[in-house]
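Read off the chains here:
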Amino acid sequence: MSVEFRELECFVVLSEELHFTRTAARLYTSQARVSQLLRQLEDRIGARLFERSSRRVELTSQGALFLAEMRPAYAELTDAVERARSRARGIEGVLRIGFVGTPYGTLLDLVGDFRAGHPQARADLVETPLSDPFGAVLRGEIDAAFVTLPVVDPALRTGPVIAADPLVLGVSTRHPFARREHVDAEELAECALVDIAGPAPARWRELQSPTVTPGGRPIPRGPVAGTLQEVLSLIAAERGALLFCAQFAGYNGRPDVAFVPVTGLAESAVTLTWRAGHETNLLRSFVAVSSRPPMAA
């Protein structure tokens with residue numbers, strides 16, 4: 001079976017870092033994708049290339065020999081591919097992509113896939129505040145942003161849904177809901193939700209922090225916050241609660257906040273948004289990557 005370039009890249013970076021988390025960060029992907037790529041390469045070769053335990057990662061004798069034999073060819077191939085793509089596509093430069101809170105696994109995988117396919121280009125992730133997820137895009141400070149739907153500004157364009165996740169309720173571990181297996185959407189009327197500051201559009205804020213339940217019961221207002229770190233701090237201090245997508249919760253575990261599944265609400269959907277009329281070849285290439293069906297884990 002043919003070996004994929006992404007598998008070789010993962011192998012080389014992991015051999016340098018000997019650490020799955022650092023490797024994932026360098027490749028702009030998730031640890032799960034690193035494990036998947038390594039497993040595929042080992043299956044193709046028919047031998048273990050690394051010894052992994054909870055405490056250390058190291059090359060096996062087979063892995064060390066494979067690295068020594070393939071590394072010169074890998075470097076030459078990488079350089080040749082970079083030069084050819086640069087000449088053929090003219091796609092190079094820096095793309096600035098915004099995110100709110102945490103760029104979790106699905107989003108990191110997209111950035112990693114773009115980088116692998118466009119080595120002459122760079123995609124930098126830029127944090128944007130919860131209170132203003134669209135402003136930096138509209139002002140031209142960044143090229144695009146990962147945002148939660150809805151996108152209502154006519155000056156913005158959107159791609160397809162990148163990730164759709166069930167909602168969870170973030171509460172203090174001392175809150176009565178923290179010990180529940182799930183919470184019904186109507187029960188949101190029994191806890192104050194953190195109010196998201198402007199200038200984020202009111203319709204968008206209502207989806208993130210609703211003022212009424214699906215059945216029309218009013219939901220009390222908690223304190224106002226402008227960033228997700230402020231929100232988490234307020235939750236931990238028992239001053240309010242807020243809805244999050246399940247992937248965000250998985251990447252933001254902390255000992256004083258519990259995330260409880262919520263039934264009766266639609267999933268949270270994330271897309272890519274950018275300014276209408278400001279599409280570049282670089283941005284169009286990133287949009288194309290984000291429009292592909294996600295790889296199975």
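Residues numbered from 1 in each chain as written. Predicted model: local features only at pLDDT ≥ 70, side-chain atom pairs only at ≥ 80, totals over all residues. Heavy atoms only, no water.

A. Region of the structure containing the state of the cysteines. For the structure on display, the rule yields zero disulfides. Residue Cys191 stays outside any disulfide, its sulfur separated by 18 Å from that of Cys245, the closest cysteine. (Disulfide = S-S within 2.5 Å.)

B. Seen up close, the sheet that holds strand β9 (residues 183-184). If you trace the four strands from one edge of the open sheet to the other, you get β9-β13-β8-β12, paired in mixed fashion. Strand pairing shows two members of the sheet lacking a second neighbour, β9 and β12 (242-245), which therefore form its edges. As defined by bridge partners, strand β8 (residues 167-172) adjoins β12 across four bridges and the pair is classed as antiparallel. In the sheet register, Leu169 faces β12, and the bridge partner there is Leu243. On the sheet, helix α8 (residues 228-236) packs against β8, β12 and β13 (257-263) and is oriented at approximately 125° with respect to β12. (Pairing = 2+ DSSP bridges. Helix = DSSP H or I, 4+ residues; strand = E, 2+ residues; numbered from the N terminus. Contact = heavy atoms within 4.5 Å. Axes fitted to C-alpha atoms, helices over the stretch in contact; angles between N-to-C directions.)

C. Representation of the pattern of salt bridges within the structure. The full count for this structure, using the stated rule, is 19 salt bridges. A salt bridge links Arg44 to Glu7, with the nearest nitrogen and oxygen atoms 2.8 Å apart. Of this pair, Arg44 sits in helix α3 (residues 31-45) while Glu7 sits in helix α1 (residues 5-17); the two residues are 37 residues apart in sequence, bridging distant segments of the chain. Under the relative-accessibility criterion, Arg44 is labelled partly exposed at 25%. Among the residues examined, Glu7 registers a relative accessible area of 0% and is labelled buried. Between Arg254 and Asp256 there is a salt bridge; the shortest N-O distance is 2.6 Å. Given a relative accessible area of 26%, Arg254 falls into the partly exposed group. In the salt-bridge network here, residues are joined through shared partners; they are Glu16, Glu17, Arg22, Arg26 and Arg71. (Salt bridge = Lys/Arg side-chain N within 4 Å of Asp/Glu carboxyl O. Buried < 20%, exposed > 50% of the residue type's maximum accessible area, 1.4 Å probe, protein only.)

D. Region of interest: the pairing of β8. In terms of burial, β8 is a largely internal element, six of the six residues being buried. Taken together, the five bridges between β8 and β13 define a ladder with antiparallel strand orientation. Along β13, the bridge assignment pairs Gly170 with Phe259.

E. Geometry of the pairing of strand β5 (residues 144-148). By the criterion of burial, β5 is predominantly enclosed, with five of the five residues buried. Where burial is concerned, the two faces of β5 agree: the one with Ala144, Phe146 and Thr148 and the one with Ala145 and Val147 are both buried. Examined bridge by bridge, strand β3 (residues 93-100) and β5 share two bridges and lie parallel to one another. In the sheet register, Ile97 faces β5, and the bridge partner there is Ala144. Summarising the sheet, β5 and strand β14 (residues 268-275) pair through four bridges and their orientation is antiparallel. Note that in β14 the partner of Val147 across the bridge is Thr271.

F. Main features of the layout of surface pockets. The volume enclosed by the second largest pocket comes to roughly 560 Å³. Elements with a contribution of two residues or more to the lining of the second largest pocket: β3, β5, α7 (202-208), β12 and β14. Of the residues in the lining of the second largest pocket, the class split is 24 nonpolar, five polar and two charged. (1 Å grid on protein atoms, 1.4 Å probe; cavity = no way out; pocket = protein on both sides within 12 Å on 5 of 7 lines; lining within 4 Å. Points joined across faces, edges and corners; volume = space filled by probe spheres on them. Nonpolar A, V, L, I, M, F, W, Y, C, P; charged D, E, K, R; others polar.)

G. Region of interest: the side chain of Ser209. As for its placement among the helices and strands, Ser209 is situated in the loop between α7 and β11 (221-225). What makes Ser209 buried here is its relative accessible area of 2%. For Ser209, the side chain forms a polar contact with the main-chain oxygen of Val194, separated by 2.8 Å. In this view, Ser209 contacts Leu193, Val194, Asp195, Ile196, Arg221 and Leu242; residues no more than four positions away in its chain are not counted. (Polar contact = N/O pair within 3.5 Å; in protein donor to acceptor, adjacent residues only side chain to side chain.)

H. The nonpolar core, seen in detail. Core analysis: the biggest nonpolar cluster contains 49 residues, and Phe146, Val231, Phe244, Leu272 and Phe286 have the highest contact counts within it. For this core, the leading source of residues is α8, giving six residues. Apart from the residues lying within four places of it in its own chain, the contact partners of Phe244 are Pro166, Leu167, Val168, Gly170, Leu228, Val231, Leu232, Ile235 and Phe259. Core analysis: the second largest hydrophobic core is formed by 20 residues, Val13, Leu27, Leu67 and Met70 among them. (Core = buried A, V, L, I, M, F, W, Y, C linked by side-chain atoms within 4.5 Å.)

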